[in-house]
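Okay, here's what each chain looks like letter by letter:
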Amino acid sequence: MKCLLILLATASSITAHSTWQELWVGSTDEAGTCVRLPPNNNPVTDVTSNDLRCNVGGTTGVSGVCEVAAGNTLTVEMHAQPGDRSCANPAIGGNHYGPVMVYMSAVADATTADGSSSWFKVAQDSYAGTTESWGTEILNANCGKRTFTVPKTLASGNYLVRAEAIALHAASSSGGAQFYMSCYQINVTGGGSAKPTGVLFPGAYKASDPGILINIYQTPLTYTAPGPAVWTG
Ligand SMILES: *[C@@H]1O[C@H](CO)[C@@H](O)[C@H](O)[C@H]1NC(C)=O
Ligand SMILES: [Cu+2]
């Protein structure tokens, strides 16, 4: 019986895991052409690991670079299973409640950058008091898509874009938070002169941060997502 329960628990957590897989530039679907795709949909749970940058294997680049004009939008897209973009399936299901955030990092060459450079936050959906307001639930309501504007003032050049969802359903014990991230390789054109300062991964998060070690089932619940404030240009 115990084995069966463990099997069931394992099965349900696997079906609930997810991966950031696709990217849109404005209204153009670039699919998976410039993503460093993680090997599977398992989360990272160690905030001190280099895997926190761009997921397992994510310090190594791919050949594709997506080009975006400063001031245009990018849309990162998450789904549970590889290549399954069906809106009928939750992007991140299984009560994987938590914030959704996007970071960028200026790099010399997006195809070779290892993610050790500093990251500034460009988008965030955290929590606003209801289950539906969790970033992950907003993502589910939008078929896994989160759109943000590349600030018009941002300096042109190569960047990594790091999309992240943190699932907090088991975050009341240390190491229980689940980090899902992928990095996209981007070339920003027509930008300004802004070079925002940022944070490092690992380093930006601690296992004991109130946005990472938290019982999200407590009432009333207040929540502050980890990392720096959003930079909007
Ligand atoms: C980025 O875009 C600029 C402007 O179009 C171009 O000169 C440069 O070669 C591009 N770099 C990469 C790595 O795509
Ligand atoms: Cu999961």
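Above: the structure in question.
Residues numbered from 1 in each chain as written. Chains lettered and ligands numbered in written order. Predicted model: local features only at pLDDT ≥ 70, side-chain atom pairs only at ≥ 80, totals over all residues. Heavy atoms only, no water.

Along the chain, the regular secondary structure elements total 3 helices and 10 strands. If you list the helices and strands of the chain from N to C, you get α-β-β-β-α-β-β-β-β-α-β-β-β. For 233 residues, the compact-globule estimate of 2.2 N^0.38 gives 17 Å, and the chain sits close to it at 17 Å. Structurally, the chain occupies a C-alpha span of about 60 × 35 × 30 Å along its principal axes. Out of the 233 residues belonging to the chain, those deemed buried represent 47%. Sequence-distant contacts, at least 24 apart, represent 78% of the contacts inside the chain between residues at least 6 apart. Across the chain, the mean location of the 11 positive side-chain charges is 6 Å away from that of the 15 negative side-chain charges. (Helix = DSSP H or I, 4+ residues; strand = E, 2+ residues; numbered from the N terminus. Rg over C-alpha atoms; globule rule 2.2 N^0.38 Å. Buried < 20%, exposed > 50% of the residue type's maximum accessible area, 1.4 Å probe, protein only. Contact = heavy atoms within 4.5 Å. Lys, Arg positive; Asp, Glu negative; His and termini not counted. Charge placed at Lys NZ, Arg CZ, Asp CG, Glu CD.)

Going through the model one piece at a time under the given rule, you end up with 3 disulfides. The disulfide partner of Cys34 is Cys66, and the gap between their sulfur atoms is 2.1 Å. Every disulfide takes its handedness from the sign of the S-S torsion; for Cys34 and Cys66 that torsion is -100 degrees, giving left-handed. Of this pair, Cys34 sits in the loop between β2 (28–29) and β3 (35–36) while Cys66 sits in strand β4 (residues 66–69), and the two are 32 residues apart along the sequence. Grouping residues by exposure puts Cys34 and Cys66 together as buried. A disulfide bridge connects Cys54 with Cys183, and the sulfur atoms are separated by 2.1 Å. Across the S-S bond linking Cys54 and Cys183, the dihedral sits near -85 degrees, which makes this disulfide left-handed. With Cys54 in helix α2 (residues 51–54) and Cys183 in strand β10 (residues 178–189), this pair connects stretches of sequence that are 129 residues apart. Here the bonded cysteines of the chain are numbered in sequence order, and their pairing is 1-3, 2-6, 4-5. (Disulfide = S-S within 2.5 Å.)

Our next topic: the coordination of the copper ion (ligand 2). Around the copper ion (ligand 2), the protein supplies His17 (ND1), His96 (NE2) and Tyr180 (OH) as donor atoms, at distances of 1.9 to 2.5 Å. Look at where the donors of the copper ion (ligand 2) fall in the sequence and you get H-x78-H-x83-Y. Linking His17 in the loop between α1 (2–16) and β1 (19–25) with Tyr180 in strand β10, this pair joins segments that are 163 residues apart in sequence. Each member of the pair His17 and Tyr180 is classed as buried. (Donors = N, O, S within 2.8 Å, 3.2 Å for Na, K, Ca; no water.)

With that settled, consider the pattern of salt bridges. The final tally for this structure, using the stated rule, is 5 salt bridges. With a closest N to O distance of 3.8 Å, Arg85 and Glu22 form a salt bridge. Separated by 63 residues along the polypeptide, Arg85 in the loop between β5 (73–79) and β6 (100–106) and Glu22 in strand β1 bring together distant segments of the chain. The class of Glu22 is buried, set by a relative accessible area of 5%. For Asp125, the salt bridge is made with Arg146, and the minimal N-O distance between the two is 2.7 Å. One end of the pair, Asp125, is in strand β7 (residues 120–125); the other, Arg146, is in strand β8 (residues 145–149), and 21 residues separate them in sequence. Arg146 carries the same exposure label as Asp125, and that label is buried. Each of Glu22, Asp29, Glu77 and Arg85 takes part in one network of salt bridges that share partners. (Salt bridge = Lys/Arg side-chain N within 4 Å of Asp/Glu carboxyl O.)

Before going further, it helps to examine the packing of aromatic side chains. One pass over the structure, following the stated rule, counts 8 aromatic pairs. Ring plane angle 80 degrees and centroid distance 5.1 Å describe the contact between Phe201 and Tyr205, whose orientation is recorded as edge-to-face. Assessed through its relative accessible area of 3%, Tyr205 is described here as buried. In textbook terms, an aromatic cluster arises when at least three aromatic residues are bridged by ring pairs, as seen for Tyr103, Trp119, Phe179, Phe201 and Tyr205. (Phe/Tyr/Trp six-rings, centres within 6.5 Å; stacked < 30°, edge-to-face > 60°.)

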